[in-house]
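# Structure assessment
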Amino acid sequence: MADHVELRTGAYLDSVTLMQVSRTVAAAPGVEAAQVAMATELNLEVIRGMGFDVPESAPNDLVVAIRGDEAGIAAGLAALESALTQNRSAAGGSGGFGEAPAARTLGRAIRLSGADLGLVSVPGEHAATEALDAVRAGVSVMVFSDNVPVEDEVRLKDAAAAADVLVMGPDCGTAVVGGVALGFANVVRPGSVGLVAASGTGAQQVMCLLDAAGVGISHCLGVGGRDLSSAVAARSTKQALAALAADPETTSIIVVSKPPAPEVLADLESYAATLGKPVHWATLGGGRPDLTAAVEAALAATGHDVPETWRTWQPGVSDDDWSELTVEGRSAAVKGGSLRGLFCGGTLADEAMLVAGEVLGDIRSNIPLRPELALGADLTDPGHVVIDFGDDSMTVGRAHPMIDPSLRLERIAVEAADPTCGVLLLDLVLGHGAHSDPAPELADAIRAAREAAAADGRHLDVVVSLTGSEGDPQGLERSAARLVQAGAVVMLSNAAATRAAVRLLGHHVTERSRVTRDTAYANEPAAQASAGDEPLHGLLGHEVSVAAAGVSLFPDALRAQAVPVTEVAWQPPMAGTAGDLGRVLADPRRAAANAEALRRMTAAGADLVDVRPAHEALGLERGTFLHAGPPIEFARASGPLKGALIGAMLFEGLAETAEEAEAKLEKGDGITLEPCHHRDAVGPMAGVISPSMWVYELRDEVHDNTSWCSLNEGLGKVLRYGAYGPEVIDRLRWMNTVLGPILQQAVRARVQQQGSIDIKAIIAQMLQMGDEGHNRNRAGSLMLLRELLPTMITADASSTDIAEAVRFSGANEHFFLNLGMPACKLSTLAAHGIPGSSVVTTMARNGTDFGIRVSGTGDQWFTGPANTPEGLFLGSYGPDDANPDIGDSAITETAGIGGFAMAAAPAIVKFVGGDVPFALRATQTMYEITVGEHTAYQVPILEFRGTPTGIDVTSVARTGILPQINTGMAGRVAGTGQVGAGLVTPPEQCFTQALAALAGAAEGA
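Residues numbered from 1 in each chain as written. Predicted model: local features only at pLDDT ≥ 70, side-chain atom pairs only at ≥ 80, totals over all residues. Heavy atoms only, no water.

With 94% of its residues at a pLDDT of 70 or more, the protein chain shows a mean pLDDT of 92. Considering only residues more than four positions removed or in separate chains, one finds that residues 317–334, a stretch of pLDDT under 50, has 35 contacts. Across residues 524–532, where pLDDT falls below 50, the model places six contacts with residues more than four positions away in sequence or in other chains. (pLDDT = per-residue confidence, 0-100. Contact = heavy atoms within 4.5 Å.)

Structure, rendered in structure tokens:
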């Protein structure tokens, strides 16, 4: 036997899907053991416990561990790939021509689909972020996720109340809205009873008992297990009660809860008395009715018949005769021993402890009724024990036991071997969202447990509380029959099942007197609100469509109900960012600040007003050199940047040879290196601007800003790619003495005659003519030349010089890039410095570091190692020849064009690699990480949709999607020049650092 262990990055799948994948792989022929799981601490502990050696990993890595012979491992890997492919296909995707990729956040899914209800079942530490998306979109949301901090719950619910939407949860297992079952919910008949439930399985127990009595529900609004705690103070419960009180289909209401805080319940009872509809209470607690009794009271109060007995299935003398014998005639066991309750439903476990505790006394538990009754870490005790396998502490990184019952099945075997175990009390909850057929596995475990006890000379009784309805997909009768055939007593009422278990232990249980009094407030009906004032934006009055993030099982259950559902392709945020994300997203300034940043970016003007020498325009002194990217010293500079600086030294006459130039740069005397961005300028590739070079000058009159950029040298061996040979210096001198002055005359004459040249308008046009504004500028360059040509040919220069200047400009397809870049700089400069804004206003690289700046953090740089582009190479060059990413030209993507507008320029793929569908998807993917769309820059093939504009640090961190940049590739060795063109993304560190800085500056941080 051999072990195969591998890590896969960027391959997040939810725990339910991975549970199914693991089973598929383990079932492959020749596989002895297998586990496929995310590399959380809990999962790693399980995998290492299986004997696998797992290398160092991060929580967002996927671990594949397979043990078997050579053929078995091959079969397991084949089964894995098949299962993963099937999962990707089922989840939808972006493989078709131009098909938009699936939304990566709940907010985007809601915007794309128009959904009016959100469903969140992602890991708890990330749930509030997704839920807040829905609230801010004006949509109610069910948060199935547990392990959500209570302060996040309070913050969410306060925001929801302000937006008149309902947060159902966190830890909301069950809801039914307009007949649509959400999460774990049973198929029950429609009716007029509304439920407000601070309990998932409690709500399911109540709705199934009502259904068995012939009574249906209008809606079940879950509110989360903590809503009636002192900390949360019934925030959602009050909203839900008000909504049901205003719902014409609802005539009475039942509030369901595990034991509430007494003061919260008292306040809630007073509030309910003002609603004008009868409110009944199925709230567990010492001295209060159990859930069955509460349902009976509600039935009696509303004029419905109360069943004499609730449905019970019992074993007989043979497996085929499982419905006749009484509980009293059931067991020939020696009485005594302890009760062991193993539950999937927390409220059912609470109820069992309350009911059994009246007879048995103290019961120890992982969810104890009193703190001193808490079980130890091993969850064992020789006395009476009730365990909730669905408690938050037991679902970290693991599917809920109603989906994956493996932990409880293992514990059943443990209890069977324990001589102190007298009776096993179990629950089984059916319905949408739960295990597709849990009864056979549970029946097998029960049968094996009873046989193990018998082999030890003991008799083991098993009682099962079965929560379900006739309409549930698993089949109520079929499930009960399976369990009875295994020797269990099965009851629809959890309270009755608990009393039966206590009797089987040999204790006398007094028959419960029926509660027939009305526990409701039956006041006069409240005045009906007008249609325009419907609570929760009318959620209860129309058919719902759902956007869902998290466990794929729940969207599948919605599709089975023919409910429109949009599934989010969710994955965890960048590692270590959850806390910072929460603080930044909670900053009350952020939404307005980002909206203002986008408004400024799209409103900024970009007019070409002059061409001037850099020493005059930028105040550069001799020995001062601007460069692309964040700050850097010459010693750390990349080959292309060093080559460009050497060339600039030669051009400026500060050195006679390359060796002398390099020596002076290394020494640094009289030499100053400064980023172009520090002077509101930009430079492509190495971006070196020396005092004698000429620069374009662009103005944004809207925001009173100016930006500059050097003149474009063309392609090949040029200074910006790090070449510095004689032909490079000769070209620079020609540009300095001929091209610059001619362009200056042409621009000034044009400004005097017709006004400045609107570069922003040219960008808008070129996007509709097949350019994207970064690596493809063919149409833009020709349109610019059209604007300049009439005044270029009248310049005060020789006809030879004019002809050469026109020829050079017209033959250079990247001539326009050096105007598009400062135009984009003006756009982002307008959005810079807005407190609270998480919009990126600079992306730049120097060949060593990639750096970004963010509107809300001022001029601080956030840097990481520059990545090396991937793409197409010139001639015999290959990947080993390419330098890491370099240049200020990523300002184009920062402003919403370039790689963000690839869909407008499908021919770009011939230059940078990929295919046309990739170009379309690239643009559509960038909408995921931007705050909006450009009002002027549009993409024809996307029905003239505005380009994605305003990179949002929080969206990058949440989705893991990095900005897509089209770029040229410079040779790694100084003096080489261009070696190719391709695609590149920034390093994650830039965004995690920026997020941390934003979190530190957030209001309330």
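Across a sheet, strands are paired by hydrogen bonds formed along the backbone, either parallel or antiparallel in direction. Read across the sheet, five strands follow the order β6-β5-β4-β20-β21 without closing on themselves; strand pairing throughout is parallel. Since the sheet does not close on itself, it has two edges, and those belong to β6 (167–168) and β21 (565–567), each with one partner. Of the pairings in the sheet, the one linking strand β5 (residues 140–143) to β6 comprises two bridges and is parallel in character. In the sheet register, M142 faces β6, and the bridge partner there is M168. Relative to strand β20 (residues 546–550), helix α4 (residues 106–113) is tilted by about 155°, and along the sheet it contacts β4 (117–121), β5, β20 and β21. (Pairing = 2+ DSSP bridges. Helix = DSSP H or I, 4+ residues; strand = E, 2+ residues; numbered from the N terminus. Axes fitted to C-alpha atoms, helices over the stretch in contact; angles between N-to-C directions.)

Here we come to helix α17 (residues 578–585). Taken together, the buried positions of α17 are D580, L581, V584 and L585. All buried residues of α17 project into a common sector of 125° when viewed along the axis, lining one side. (Buried < 20%, exposed > 50% of the residue type's maximum accessible area, 1.4 Å probe, protein only. Arc of directions from axis to C-beta.)

The subject of this paragraph is the pattern of salt bridges. Following the criterion strictly, the structure yields 52 salt bridges and no others. Salt-bridge contacts for R155 lead to D152; the nearest nitrogen and oxygen are separated by 3.0 Å. In this pair, R155 and D152 both sit in helix α6 (residues 150–163), three residues apart, roughly one turn of the helix. The exposure class assigned to R155 is partly exposed, which follows from its relative accessible area of 27%. For D152, a relative accessible area of 18% gives the class buried. We note a salt bridge from R559 to D556, for which the minimum N-O separation is 2.9 Å. In this pair, R559 and D556 both sit in helix α16 (residues 553–560), three residues apart, roughly one turn of the helix. Residue R559 is classed as partly exposed on the basis of its relative accessible area, which comes to 36%. Judged by its relative accessible area of 40%, D556 is partly exposed. It is possible to trace a salt-bridge network through shared partners that takes in D610, R612, E616, E697 and R748. (Salt bridge = Lys/Arg side-chain N within 4 Å of Asp/Glu carboxyl O.)

In this section: the sheet that holds strand β2 (residues 31–38). Taking strand neighbours across the sheet as the criterion, the three strands line up as β1-β3-β2 in an open arrangement whose pairing is antiparallel. At either end of the open sheet lies a strand with only one pairing partner, and these are β1 (2–8) and β2. Adjacent strand axes in the sheet meet at a mean angle of 10° when their direction is disregarded. In this structure, β2 lies alongside strand β3 (residues 62–68), joined through seven bridges in antiparallel fashion. Residue pairing across strands places V36 opposite V64, the latter belonging to β3. Helix α1 (residues 15–26) rests against β2 and β3 of the sheet, and its axis sits at about 160° to β2. Across the sheet, helix α2 (residues 41–49) touches β2 and β3, and the angle it forms with β2 is around 165°.

Right, let's get into the packing of helix α7 (residues 200–212) against helix α11 (residues 346–360). Direction vectors running N to C along α7 and α11 enclose 80°, while the axes themselves pass 5 Å from each other. With respect to each other, α7 and α11 are oriented roughly perpendicular. When α7 is examined against α11, the residues T201, G202 and Q205 are found in contact with a partner set consisting of G346, T347 and L348. Looking at the contact of α7 with α11 residue by residue, the classes come out as one nonpolar, five polar and no charged. (Parallel < 35°, antiparallel > 145°, perpendicular 65-115°, else oblique. Nonpolar A, V, L, I, M, F, W, Y, C, P; charged D, E, K, R; others polar.)

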